[in-house]
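Summary of structural features
Spelled out from the first residue to the last, the chains are:
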Amino acid sequence: DVLKVAHHGDKSSTCEDFLEAAQPKYAVISYGEDNPYGVPEPVVLQRLQQFDVTLFTTVSNGTVVLTITPDSLRFTSMK
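The following refers to the structure shown.

Further remarks concern the environment of Ser60. Looking at where Ser60 falls in the secondary structure, it is placed in helix α3 (residues 58-61). The spatial distance from the C-alpha of Ser60 to the C-alpha of Ser77 is 9.2 Å, given a sequence separation of 17 residues.

Moving on, we get to helix α2 (residues 42-50). Every buried residue of α2 is accounted for by Val44, Arg47 and Leu48. One side of α2 carries all its buried residues, which in axial view fall inside an arc of 95 degrees. Relative to its buried face, α2 has exposed residues pointing more than 90 degrees away, namely Pro42, Gln49 and Gln50. On its buried side, α2 packs onto α1 (16-22), β2 (26-29) and β3 (54-57). Phi turns positive one or two residues past the end of α2, at Asp52, with a value near 60 degrees.

Overall, the coordinates contain 2 aromatic pairs when judged by the stated rule. For the pair Phe56 and Phe75, a centre-to-centre distance of 4.3 Å together with 15 degrees between the ring planes defines the contact as stacked. Here Phe75 lies in strand β5 (residues 73-78) and Phe56 lies in strand β3, a separation of 19 residues in the sequence. Three or more aromatic residues link up through ring pairs in this structure, and these residues are Tyr26, Phe56 and Phe75.

Cut-off values and rules
Residues numbered from 1 in each chain as written. Predicted model: local features only at pLDDT ≥ 70, side-chain atom pairs only at ≥ 80, totals over all residues. Heavy atoms only, no water. Helix = DSSP H or I, 4+ residues; strand = E, 2+ residues; numbered from the N terminus. Buried < 20%, exposed > 50% of the residue type's maximum accessible area, 1.4 Å probe, protein only. Arc of directions from axis to C-beta. Contact = heavy atoms within 4.5 Å. Phe/Tyr/Trp six-rings, centres within 6.5 Å; stacked < 30°, edge-to-face > 60°.

That is the geometry; function is a separate question.
Take a look at the structure:
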């Protein structure tokens, strides 16, 4: 259900075939604002949107905490 996007969202990660196989509902990308690497790459964000994945990022949400119980997944942000 939850994907930790590899390589901070670099274009070499999270290909369409992988998303099709995994079918995540949620994704988390960890990256710094104004980083010199240009991640996450727009193509990765577009792929996640295309697959209707709810996205959490450390830039937008701060620390992302996922709590898993037998009945639910709960995301909280600590910004």
